[in-house]
Amino acid sequence: MKAKIIVMPRKEVLDPQGEAVRSGLHSLGYEEVAAVRVGRYVELDLDDSVPDAESRVKTMCQQLLANEVIEDFDFIVEP
Amino acid sequence: MRVAVITFPGSNCDDDCHHVFGDVLGKETISVWHREVSLPTGLDVVVLPGGFSYGDYLRTGAIARFSRIMPAVANFARDGGTVIGICNGFQILCEAGLLPGALIRNRSLRFICETVSIRCETTGSILTQKLQVGQVLRVPIAHAEGCYQLDEGGLQRLEDEGQVLFRYCAPDGTVDPAANPNGSKRSIAGVMNAGRNVFGMMPHPERISEHVLGGVDGRALLEGLVGI
């Protein structure tokens, strides 16, 4: 099984990387880019024998992979 | 009075802290490796020093908070023991949930190494008991992730409870955006927990506690911690 996890800075949190990327895209002429947020993508290879993969991955996100003070996360678990 | 300084893999201000608490302030100071599972007995103060624990992987402080020593640090804090995190130590305490908020990449995206002015916001803590409200200190900062973040409700609670220790300011004490080096919410440079025994700050008081190093603005803070 594979877990695909996306961690993003929360809306109200300053994202200086996103702002720098937006400014870079503008200087390349892509004026249509109104806002950029830069997050993190994490992939986990999971042992199929462990049940409750979904709830375990959620706990992993809450305990370590995301800091919910500043980040939101979302994930899917695929066979 | 016994002080412990924790060393994580990647800590690089541990010797400085050990030197200041031990040699400058003359307190018994013990080095503790992060793989220990207990703290020395009879301890009064635990110091989490600056550095780059675990290479700042994932997020600053995110891995260090799971070090074997950290449950003992959390228990010590819960029992009312004094804990201070400086720079990376502040980041670790936030990740561990012992302090509110989080520290993210500086607004400039640059590592900042300079001396800044900070204003004391409260004298209601042992760390700041020897200062005066509004007093300005000149203290070094050296970090890439010092931008303090917390939601508005949390910030208001900090303000209402007087848990903000320091704000970045102009040399005359004025708090304005131009004097905020890293984009921190409300120019916050240091906070404490509701129990007023766990402290975190990005500036380095241990680097400015001897005249030979250019000043002693940080010394009153550390003296307050150890009851001098």
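Values in this document were obtained by computation on a predicted structure and should not be read as measured data.

The subject of this paragraph is helix 3 (residues 88–95) of chain B. Residues and elements named next belong to chain B. Counting buried positions along helix 3 gives eight out of eight residues, so the element sits mostly inside the fold. Within the span of helix 3, buried status applies to N88, G89, F90, Q91, I92, L93, C94 and E95. After helix 3 finishes, the residue G97 shows a positive phi value of roughly 80°.

This part is about the nonpolar core. Residue and element names in this part refer to chain B. One finds I6, V47 and L93 to be the most contacted residues of the largest nonpolar core, which totals 68 residues. The dominant element in this core, judged by the number of residues it contributes, is strand 9 (residues 164–169), at five residues. In contact with L93, not counting residues within four places along its chain, are L48, G85, L98, L99, V198 and G200.

Moving on, we come to the environment of G81(B). Residue and element names in this part refer to chain B. Mapped onto the fold, G81 is located in the loop between helix 2 (70–78) and strand 4 (82–86). In this structure, the C-alpha to C-alpha distance between G81 and V198, residues 117 residues apart in sequence, is 8.0 Å. What G81 contacts, discounting residues up to four positions off in sequence, is L43, V46, F76 and N197.

The subject of this paragraph is the pairing of strand 3 (residues 45–48) of chain B. Residues and elements named next belong to chain B. Because side chains alternate across strand 3, one face comprises the buried residues V45 and V47, and the other comprises V46 and L48, equally buried. In this structure, strand 1 (residues 2–7) lies alongside strand 3, joined through three bridges in parallel fashion. The residue of strand 3 that forms the bridge with V3 is V45. Relative to strand 4, strand 3 is paired through four bridges, and the arrangement is parallel. Following the sheet pairing, L48 is matched in strand 4 by G85. Chirality of the crossover, the property in question, places the unit of strand 3, helix 2 and strand 4 among those that are right-handed.

About the criteria used
- Residues numbered from 1 in each chain as written.
- Chains lettered and ligands numbered in written order.
- Predicted model: local features only at pLDDT ≥ 70, side-chain atom pairs only at ≥ 80, totals over all residues.
- Buried ≥ 20, exposed ≤ 12 C-beta atoms within 10 Å, placed from the backbone.
- Helix = DSSP H or I, 4+ residues; strand = E, 2+ residues; numbered from the N terminus.
- Core = buried A, V, L, I, M, F, W, Y, C linked by C-beta atoms within 7 Å.
- Contact = placed C-beta atoms within 7 Å.
- Pairing = 2+ DSSP bridges.
- Right-handed = clockwise from strand over helix to strand, strands pointing away.

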